[in-house]
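Each chain, letter by letter, is given below.
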Amino acid sequence: MQPGQVYPTQYAQLLADKANDVRQLFSAFAMPQPQVFASAPQHYRCRAEFRVWHEGDDLYHIMFDPETKTRHRIDYFPVAIKTIADFMPRLIEAIKRRPLLRNRLYQIDYLSGLSGELLVSLIYKKPVPPEWADEVRQLKAELCTDHPLDFIGRARKQKILIDRDFITEQLQIEDRQLSYQQVENSFSQPNAAVNQQMLSWACQISKQLSGDLLELYCGNGNFSLALAPYFRQVVATELSKVSIKSAELNIRQNQITNVQVLAMSAEDVSAALAQGNALKQLDLTGLALNTILVDPPRAGLDPATVQLVSRFEDILYISCNPATLADNLQTLTQTHDVLQFAFFDQFPYTHHMESGVWLRRKTA
């Protein structure tokens, strides 16, 4: 399939085929029938990055085929949510008329969300001159939009802000609307509508649980905030300073009082709990940490973290790599049963599939 294209009439069958392929990875386990959560077949991606191609007086976005490395011109990008897709051609036409902005322009990154806010990063091969900021302010006024629009200028060792380097996303989870700061170049879920489905799935499970929750790899608090009402306390850990700062802001702006974020790696948490130590300055006395949520990177959980996770009564495991999830389940299913299994199609028309499992400790 050509990069940047969508195939709405084929989407249902493509998803069914992909779900069946992923299901085969788990054939060795006693897995329940997975729930499959579909994406919109077009206008679903909230982040997009493009190289910029200069050809005489022309200027346009390009993508490279990941296999053949063939260059593809992108004039309209139906993969992106409409806030991005509709803005891209307008931006290119406006930049063409502004030599200061087009000269040495190498890449354009877009970040948006269901809130409609849009952040655009213009990335250059050479340092950005001082007058660049005034030129972008004029561009911003020319491209006035119904929702907040911000620009960032980047070059090697240089970052110029016009206003903000983040958007504020609004997600509807069950009967609540939650606000999330999402900072440029930090992780956020790329398919916001599917993310809402994923959070709602986790909420439905959490309603059946009690006690306190430990979360590893919490990012900007994506799951922490959504699941907070269903636990007495939520202890969330993260290493990225940018993500921790966003998570703490998100906790405050959503007026959530039972979530604490600790700057700790999964390995450090494993070591501390294995030795019976406190987590940073957090006294574990009085906490009933009987549920753990993990959303690890593609490499999955390291052996020490798998051992930590296996000590909990209930496990919510969100995975962006079914292969490493299957590897980790070889250990976890020795002590736990899988009660629920789900697929979330964050990346339509690709082989990638987000997975979720709920495991509970086996009864004697």
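The structure this text deals with has already been given above.
Quick summary incoming for the structure in this document. Every value quoted in this text rests on a predicted model; they were computed, and no experiment measured them.

Quick notes on the sheet that holds strand β15 (residues 314–319)
Okay, step 1: The strand order across the open sheet formed by eight strands is β1-β16-β17-β15-β14-β11-β12-β13, and the pairing between neighbours is mixed. Two strands lie at the open edges of the sheet, namely β1 (35–37) and β13 (259–263), each paired on one side alone. Each adjacent strand pair in this sheet contributes to an overall mean axis angle of 20 degrees, direction not counted.
Okay, step 2: Where strand β11 (residues 212–216) meets strand β14 (residues 289–294), five bridges bridge the pair, whose relative direction is parallel. Bridged to glutamate 215 within β14 is leucine 293.
Okay, step 3: Running over the sheet, helix α7 (residues 241–253) touches β12 (234–238) and β13 and is turned about 170 degrees from β13.
Okay, step 4: Taken strand by strand, helix α10 (residues 322–332) contacts β15, β16 (336–344) and β17 (354–361), and its axis lies near 160 degrees from that of β15.

Focus on the side chain of serine 121
Okay, step 1: One can find serine 121 in strand β6 (residues 118–124).
Okay, step 2: A polar atom in the side chain of serine 121 sits 3.0 Å from the side chain of glutamate 184.
Okay, step 3: For serine 121, the contacting residues outside a window of four places in its chain are Gln107, Ile108, Asp109, Ile152 and Glu184.

Brief notes about the packing of aromatic side chains
Okay, step 1: Tallied over the full model, the rule gives ten aromatic pairs.
Okay, step 2: Between phenylalanine 37 and phenylalanine 344, the aromatic rings sit 5.0 Å apart at their centres with planes inclined by 15 degrees, giving stacked as the arrangement. Residue phenylalanine 37 is located in strand β1, and its partner phenylalanine 344 is located in strand β16; the two are separated by 307 residues in the primary sequence.
Okay, step 3: You can call phenylalanine 37 buried: its relative accessible area is 16%.
Okay, step 4: With 6.3 Å between their ring centres and 85 degrees between their planes, tyrosine 124 and tryptophan 132 make a pair best called edge-to-face.

Comments concerning helix α2 (residues 82–96)
Okay, step 1: In this model, α2 (15 residues) spans 22 Å end to end at C-alpha, consistent with the 21 Å of a helix rising 1.5 Å per residue.
Okay, step 2: At methionine 88, α2 is deflected by roughly 30 degrees, the largest bend along its length, and proline proline 89 occurs up to four residues later in sequence.
Okay, step 3: Buried within α2 are the following residues: Ile84, Ala85, Phe87, Met88, Leu91, Ile92, Ala94 and Ile95.

Describing the nonpolar core
Okay, step 1: Ranked by size, the top nonpolar core spans 113 residues in total, and within it Leu91, Ile108, Tyr110, Val120, Trp132 and Phe151 carry the most contacts.
Okay, step 2: Beyond its immediate sequence surroundings of up to four residues, leucine 91 is in contact with Ile108, Tyr110, Val120, Leu139, Leu143 and Phe151.

Considerations on unusual backbone geometry
Okay, step 1: Positioned with a positive phi, histidine 43 is a non-glycine residue whose angle comes to about 55 degrees.
Okay, step 2: Its place among the elements puts histidine 43 in the loop between β1 and β2 (47–55).
Okay, step 3: Look at histidine 43 and you get partly exposed, because its relative accessible area is 21%.
Okay, step 4: A positive phi angle, close to 65 degrees, is found at tyrosine 349, a residue other than glycine.
Okay, step 5: Residue tyrosine 349 is classed as buried on the basis of its relative accessible area, which comes to 18%.

Some remarks on the pattern of salt bridges
Between side chains of opposite charge, pairing is possible as soon as their charged atoms come close.
Okay, step 1: Here the structure, examined in full by the defined rule, presents 22 salt bridges.
Okay, step 2: Measuring nitrogen to oxygen at the nearest pair gives 3.9 Å for the salt bridge that ties arginine 361 to glutamate 313. Here the residue arginine 361 occupies a position in strand β17, and glutamate 313 occupies one in the loop between α9 (303–309) and β15, the gap between them amounting to 48 residues.
Okay, step 3: The closest approach of N and O atoms between aspartate 314 and arginine 360, which form a salt bridge, is 2.8 Å. Note that aspartate 314 is positioned in strand β15 and arginine 360 in strand β17, a separation of 46 residues in sequence.
Okay, step 4: Salt bridges sharing partners connect three or more residues here, namely Asp58, Arg73, Asp75, Glu93 and Lys96.

Cut-off values and rules
- Residues numbered from 1 in each chain as written.
- Predicted model: local features only at pLDDT ≥ 70, side-chain atom pairs only at ≥ 80, totals over all residues.
- Heavy atoms only, no water.
- Pairing = 2+ DSSP bridges.
- Helix = DSSP H or I, 4+ residues; strand = E, 2+ residues; numbered from the N terminus.
- Axes fitted to C-alpha atoms, helices over the stretch in contact; angles between N-to-C directions.
- Contact = heavy atoms within 4.5 Å.
- Polar contact = N/O pair within 3.5 Å; in protein donor to acceptor, adjacent residues only side chain to side chain.
- Phe/Tyr/Trp six-rings, centres within 6.5 Å; stacked < 30°, edge-to-face > 60°.
- Buried < 20%, exposed > 50% of the residue type's maximum accessible area, 1.4 Å probe, protein only.
- Expected span 1.5 Å × (residues − 1).
- Bend = angle between axes of the 7 residues up to and from the residue.
- Core = buried A, V, L, I, M, F, W, Y, C linked by side-chain atoms within 4.5 Å.
- Salt bridge = Lys/Arg side-chain N within 4 Å of Asp/Glu carboxyl O.

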